[in-house]
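Structural characterization, general
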Amino acid sequence: MAYSDKVVDHFNNPRNMGSFKKDDADVGTGMVGAPECGDVMKLQIKVQNDTIVDAKFKTFGCGSAIASSSLATEWLKGKTIEEAQKIKNTDIVQELNLPPVKIHCSVLAEDAIKAALADYQKKTDGQPTGTK
Amino acid sequence: MGYTPCPLLLMDNQQSPPHPDTRRQLQMARSMCWHCQSEVTGEYFCDRCVKVQPVSKETDYFTCLGFPRRLMLDPQKLEAKFYELSRTFHPDFYQTKSADEQTISLSNAAVLNTAYRTLRDSIQRAEYLLALETGSVKDIRTSPPADLFEEILDLQDTLEEYRASERDSEQGHRLRATLQTEQEALERRKEGMEAQLRQLFADWDKLQDAGEATSLARVERDRILKQMRDLLSNRTYVNNIVNDLAATIA
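Conventions we followed
- Residues numbered from 1 in each chain as written.
- Chains lettered and ligands numbered in written order.
- Predicted model: local features only at pLDDT ≥ 70, side-chain atom pairs only at ≥ 80, totals over all residues.
- Heavy atoms only, no water.
- Contact = heavy atoms within 4.5 Å.
- Buried area = accessible area lost by both parts, 1.4 Å probe.
- Salt bridge = Lys/Arg side-chain N within 4 Å of Asp/Glu carboxyl O.
- Polar contact = N/O pair within 3.5 Å; in protein donor to acceptor, adjacent residues only side chain to side chain.
- Helix = DSSP H or I, 4+ residues; strand = E, 2+ residues; numbered from the N terminus.
- Buried < 20%, exposed > 50% of the residue type's maximum accessible area, 1.4 Å probe, protein only.
- Pairing = 2+ DSSP bridges.
- Axes fitted to C-alpha atoms, helices over the stretch in contact; angles between N-to-C directions.

1. Brief notes about the interface of chain A and chain B
Many descriptions give the size of an interface as the accessible area lost when the pieces come together. In this complex, chain A contributes 15 residues to the contact, which on the side of chain B involves 17 residues. Both sides together, the interface formed by chain A and chain B hides about 1400 Å², and carbon and sulfur atoms give 62% of it. Linking chain A to chain B there are 3 salt bridges. Put simply, Lys58 of chain A and Asp157 of chain B hold a salt bridge, and the shortest N to O gap is 2.5 Å. In this structure, the connection of chain A to chain B is made through 4 residue pairs in polar contact (both at pLDDT 80 or more). Secondary-structure elements contributing two or more residues to the side of chain A that touches chain B are strand S1 (27-34), strand S2 (39-48) and strand S3 (51-60) of chain A.

2. Quick look at the environment of Gln208 of chain B
All names here are of chain B. By secondary structure assignment, the location of Gln208 is in helix H7 (residues 170-210). Judged by its relative accessible area of 22%, Gln208 falls in the partly exposed class. C-alpha separation for the pair Gln208 and Arg188, spaced 20 residues apart in sequence, amounts to 30 Å. Excluding residues that lie within four positions of it along the chain, Gln208 makes contacts with Arg69 and Arg70.

3. Observations concerning unusual backbone geometry
Residues and elements named next belong to chain A. Here the phi dihedral of Asp50 falls at roughly 70 degrees; this positive angle occurs in a residue that is not glycine. Tracing the backbone shows Asp50 in the loop between S2 and S3. With a phi close to 60 degrees, Asn97 is a non-glycine residue in the positive phi region. Within the element layout of this structure, Asn97 appears in the loop between helix H4 (89-96) and helix H5 (103-124). Of the residues examined, Asn97 reaches a relative accessible area of 58% and is grouped as exposed.

4. Thoughts on the pairing of S2 of chain A
Residues and elements named next belong to chain A. Of all 10 residues making up S2, 8 are buried, and the element is well covered by its neighbours. Here 8 bridges tie S1 to S2, and the two strands are oriented antiparallel to one another. What sits directly across from Gly28, in S2, is Ile45. Taken together, S1 and the strand that follows it, S2, pair antiparallel across an intervening segment of 4 residues, in which Gly38 is found at a positive phi of about 85 degrees. Here 9 bridges tie S2 to S3, and the two strands are oriented antiparallel to one another. The residue bridging Gln48 from the neighbouring strand is Thr51, located in S3.

5. Some remarks on the sheet that holds S2 of chain A
All names here are of chain A. Spatially, 3 strands are ordered S1-S2-S3 in an open sheet, and the strand pairing comes out antiparallel. Here the strands that pair on one side only, and so sit at the sheet edges, are S1 and S3. Within this sheet the neighbouring strands show an average axis-to-axis angle of 15 degrees, counted without direction.

What follows is the structure, given as structure tokens:
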């Protein structure tokens, strides 16, 4: 089984690798793992006025997991919180052409996005960061 | 054969494992021979027409190999039973039989192989039992161990640094020493987890042997399954990074 060109590209040139300070008020952190395969993914977003201005990730796992999280950070940038909620793992599967055995990697990426958004929202709960 | 009879078409359901008493009743349930339509009372063959019977897809691997759902199985007994059944279903012995029988023996042999491969390894066996016992119940999934993840990702950075460094430089040596220490520490942790798992395996078997249906037993059952889920997951994470470390600094 070969990886698609897009997966290889994200794997060789991962976008937005790194991390933010997770205690910063404008940062949301999502930390998820897949107990079945042992992959670990950390995805962070930086939010200003309800818009994701930057995103970073760190992933320990296979090529598909790295590509999925790399792609996710690319997609997140510039999106509003509400738009980001709508990113589905199937979008990632389609974009990266993931084979059935690697679908769980995209699920992990979606979980990471959701966890990061939830973390950010928990931080800002009760103190809105601007009008919707 | 000296083993408790194992009905092949057990109406066992993976989603909701029946209560021990129900299981006993189910074991009484007999299936019908695909060939002569008489009741199959034998283990893997019809008593009347002596045709091989298919192992149902719903039959769990424990039942398939004739073992109870326990986690401390004797590997020698398991192997002996596997060899015995392998001979029973070996496609070579069915070459002169009908096409149906050949198909059944082949698919039985395949199920048997998967069953043995799964149960032979204590970790895989526990994973399998968890899947059987908890089925699609997702609430057994626990919050991810954030500290462990941070550690793994930090280590990943050091690994990257090492991969990028000149192996013979002072930095390379320093990083390698750091990674080696980390690997040893993680291996010890993994061993600790495995020791805890073995204790849980024993707890599980004891609970099953007691076979009580009290609410206390239910609480204990949930405790064991949840702790086992956590430990197995964490062990997988640790195991992966240990393997990665070992491969990198080898």
